[in-house]
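Commentary on secondary and tertiary structure
Spelled out, the chains give:
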Amino acid sequence: MANEQVVKSVDILWDGLLNSLKTWQQFQLEVGEKTLQAFTYQKDLIESTVTTINTIEEDSKKATKEIQEKVQSSVNEVISNNQFEQFSNWITNVQEITNKSQELVSIPSRSILDIVVQTNNHLESTVKTALEEQKQQRLEVIGKIEELTEQLKKTQKGLFVV
């Protein structure tokens, strides 16, 4: 009867320790999954930002074109042919300046977004690789701990049960 109690106590002790380690391992897996979810949310945010910037650029170009057409139309009604040619050249120059200005504004934002996207993708890839390596290492360690636990249980039972 006492021997059975010792055997059960040894089993409870080591099984409890092993289950605690497995619980810790599961917690680490969940943290890794949450980390990967954060990357998904970041990607969605970045894509939304890119879409918004594209929409703003398109709307800006449309508005600029509409303004230029209205100015040209208004001027056409007021000025003579000789003046029209000069004004037309002036409008062309203004259009070129406006287009260059829009390009200068959009180039840095595009570059920054490209860097953010590349950095995010690289970081996500690195984290995925690290998480997978950690997972493999944890599985190996748990396997070794399980083997060690069984050996320790047998040894302790052999010491206590005569």
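Here is a short report on the structure shown in this document. (Residues numbered from 1 in each chain as written. Predicted model: local features only at pLDDT ≥ 70, side-chain atom pairs only at ≥ 80, totals over all residues. Heavy atoms only, no water.)

On to the overall build of the protein. Helix and strand counts for the protein stand at two helices and zero strands. A globule of 162 residues ought to have a C-alpha radius of gyration of about 15 Å, yet the protein, at 35 Å, is considerably larger. By its C-alpha atoms, the protein is 120 × 20 × 10 Å across when sized along the principal axes. Residues classed as buried in the protein amount to 15% of the 162 residues present. In the protein, the share of contacts with a sequence separation of at least 24, taken over all contacts with a separation of at least 6, comes to 89%. Split by element, the accessible area of the protein, about 12,400 Å² in all, is 59% carbon and sulfur. A gap of 7 Å separates the mean positions of the 17 positive and 24 negative side-chain charges of the protein. (Helix = DSSP H or I, 4+ residues; strand = E, 2+ residues; numbered from the N terminus. Rg over C-alpha atoms; globule rule 2.2 N^0.38 Å. Buried < 20%, exposed > 50% of the residue type's maximum accessible area, 1.4 Å probe, protein only. Contact = heavy atoms within 4.5 Å. Areas by Shrake-Rupley, 256 points an atom, 1.4 Å probe, with all protein chains shown as cover. Lys, Arg positive; Asp, Glu negative; His and termini not counted. Charge placed at Lys NZ, Arg CZ, Asp CG, Glu CD.)

Moving on to the layout of surface pockets. The calculated volume of the largest pocket comes to roughly 230 Å³. Forming the boundary of the largest pocket are Ile 53, Ile 56, Glu 57, Ser 60, Lys 61, Asn 99, Ser 101, Gln 102, Glu 103, Val 105, Ser 106 and Ser 109. Within the residue set of the lining of the largest pocket, elements represented by two or more residues are α1 (2–78) and α2 (81–160). Taken together, Gln 28, Leu 29, Gly 32, Glu 33, Leu 36, Leu 131, Glu 132, Gln 134, Lys 135 and Arg 138 form the lining of the second largest pocket. Taken together, the residues of the lining of the second largest pocket break down into three nonpolar, three polar and four charged. (1 Å grid on protein atoms, 1.4 Å probe; cavity = no way out; pocket = protein on both sides within 12 Å on 5 of 7 lines; lining within 4 Å. Points joined across faces, edges and corners; volume = space filled by probe spheres on them. Nonpolar A, V, L, I, M, F, W, Y, C, P; charged D, E, K, R; others polar.)

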